[in-house]
Amino acid sequence: MIQSFPSPDAWAEAAADRLAEALRVAIAERGQAVFAGAGGSTPSPIYRRLAGADLDWSRVVVLPVDERHVPESSPDSNARLLRETLMTGPAAAATLLPLHHAAVTVDRSAALAARALQQVGGRVDAALLGMGEDGHILSIFPGSPTLKSLLSPKLKPTVLGVPKGRDGLAPSLERISLNIPYLKGAGRVVLALTGAKKREVFERELTGDPAVTPIAALVASVPALDVIWTEAG
Ligand SMILES: O=C(O)[C@H](O)[C@@H](O)[C@H](O)[C@H](O)COP(=O)(O)O
């Protein structure tokens, strides 16, 4: 399941190449592509490589796979991370679709994001995910009250609010997250892992109950999933 790479450069290049190819295919097939990317500390080297990919970025919509319920000016904003690392150079021509909307509740923000995503086709063509050491992906946290809703393969692709207190961040933030079904139809989903600890967590979570284990649900639901790993973080 896990594809190991000998260096961070090879790991980042493999991720960027695979995601760029999925975007090119979507543009060729539909004239547009939707990319969803994770926040956190792992993705930046991949985003910086992907930003230079030879594709028509003016036809690409970029969104966070999940978001903290904060304005883009906040250092916690995933939209800000995408703008600063992916939407540069050629990729600056892409269009950002934010999940956070100001002056509304987190649930209203999620509903507005769900509507905006429907308006660009209601699908994701390529996605880059990270994983926390507790096994969470997107904002799907073990023990969260929204866990089962976000994991259920029976629900339509949607975007949900995630109450604070479940993300391990201090101070904990309210969040907004795509659900796992939004990744099912993607041409390529890359889960990028680094370090021995995350490899161990992934292998352990793989055997969990998909109804309550984000990694098990991801592997069970997403056929176009690549899991890539490199030692150095
Ligand atoms: O909003 C976020 O924080 C991310 O989308 C989240 O799901 C991230 O992928 C994991 O927390 C791993 O984070 P690291 O890459 O920093 O380990």
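The rules behind the values
Residues numbered from 1 in each chain as written. Predicted model: local features only at pLDDT ≥ 70, side-chain atom pairs only at ≥ 80, totals over all residues. Heavy atoms only, no water. Buried < 20%, exposed > 50% of the residue type's maximum accessible area, 1.4 Å probe, protein only. Helix = DSSP H or I, 4+ residues; strand = E, 2+ residues; numbered from the N terminus. Arc of directions from axis to C-beta. Contact = heavy atoms within 4.5 Å. Polar contact = N/O pair within 3.5 Å; in protein donor to acceptor, adjacent residues only side chain to side chain. Core = buried A, V, L, I, M, F, W, Y, C linked by side-chain atoms within 4.5 Å. Near = heavy atom within 4 Å. Areas by Shrake-Rupley, 256 points an atom, 1.4 Å probe, with all protein chains shown as cover. Nonpolar A, V, L, I, M, F, W, Y, C, P; charged D, E, K, R; others polar. Phe/Tyr/Trp six-rings, centres within 6.5 Å; stacked < 30°, edge-to-face > 60°. Pairing = 2+ DSSP bridges. Axes fitted to C-alpha atoms, helices over the stretch in contact; angles between N-to-C directions. pLDDT = per-residue confidence, 0-100.

Enquirer: Could you clarify how one ought to interpret helix α7 (residues 195-205) in this entry?
Expert: Within the sequence span of α7, burial applies to Gly195, Lys198, Val201, Phe202 and Glu205. Looking straight down α7, one finds its buried side chains confined to an arc of 100 degrees; they lie on one side. Against the buried residues of α7 lie β1 (2-5), β9 (188-194), α8 (214-221) and β10 (225-230).

Enquirer: Would you take a moment to explain the side chain of Ser44 for this structure?
Expert: By the secondary structure assignment, Ser44 is in helix α2 (residues 44-50). Its relative accessible area of 11% is what places Ser44 among the buried residues. In contact with Ser44, not counting residues within four places along its chain, are Leu81 and Thr85.

Enquirer: Mind showing me how you'd approach the side chain of Thr230 here?
Expert: With respect to the helices and strands, Thr230 occurs in strand β10. A polar atom in the side chain of Thr230 sits 3.5 Å from the backbone oxygen of Ser7. Thr230 has contacts with Phe5, Pro6, Ser7, Pro8, Trp11, Leu193, Thr194 and Gly195, leaving out every residue within four places of it along the chain.

Enquirer: Please clarify how the nonpolar core should be interpreted in this entry.
Expert: The tendency in soluble globular proteins is for nonpolar side chains to be buried side by side. Leu117, Val159, Leu178, Leu191 and Leu218 are the most contacted members of the largest nonpolar core, which has 45 residues in total. Tallying contributions element by element places helix α4 (residues 106-119) first for this core, with five residues. Setting aside residues up to four positions removed in sequence, Leu117 forms contacts with Val34, Leu63, Leu97, Gly122, Val159, Leu178 and Tyr182. Grouped together as the second largest cluster of nonpolar side chains are 36 residues, Trp11, Ala14, Met87 and Ala192 included.

Enquirer: Hey, could you run me through the site of the ligand in this one?
Expert: Every one of the 15 residues lining the ligand counts as a neighbour, but Thr42, Asp66, His136, Leu138 and Lys198 are closest to it. Arg175 is positioned with one of its side-chain polar atoms (N or O) 3.2 Å from an oxygen atom of the ligand. Taken by itself the ligand offers 410 Å² of open surface, and the protein chains cover 88% of this. Here the shell around the ligand is composed, by residue class, of three nonpolar, eight polar and four charged.

Enquirer: Help me out: how do you make sense of the packing of aromatic side chains in this one?
Expert: Aromatic ring pairs: the centre-centre distance and the angle between the two ring planes describe each pair. Under the counting rule described, the total for this entry stands at one aromatic pair. Taking 6.2 Å as the distance between ring centres and 85 degrees as the angle between the ring planes, the aromatic pair formed by Phe35 and Tyr47 counts as edge-to-face. Within this pair, whereas Phe35 is found in strand β2 (residues 33-37), its partner Tyr47 is found in helix α2, the two being separated by twelve residues in sequence. Of the two residues, Phe35 and Tyr47, both sit in the buried class.

Enquirer: Can you walk me through the sheet that holds strand β8 (residues 175-178) in this structure?
Expert: What holds strands together in a sheet is hydrogen bonding between their backbones, with the strands either parallel or antiparallel. Strand order across the open sheet formed by three strands is β4-β8-β7, with antiparallel pairing between neighbours. Looking at strand neighbours, the two that pair on one side only are β4 (66-68) and β7 (159-162), the edges of this open sheet. Across the sheet, the mean angle separating the axes of adjacent strands is 15 degrees when strand polarity is ignored. Sheet topology note: the β7/β8 ladder contains four bridges and is antiparallel. Across the sheet, Gly161 pairs through a bridge with Ile176, a residue of β8. Strands β7 and β8 of the sheet are contacted by α4, whose axis makes an angle of about 165 degrees with β7.

Enquirer: Whenever I open this one, the confidence of the model for the protein confuses me. Can you help?
Expert: When pLDDT is averaged across the protein, the result is 95; 97% of the residues are at 70 or more. Under the prediction, the complex receives an ipTM of 0.97, its pTM being 0.97.

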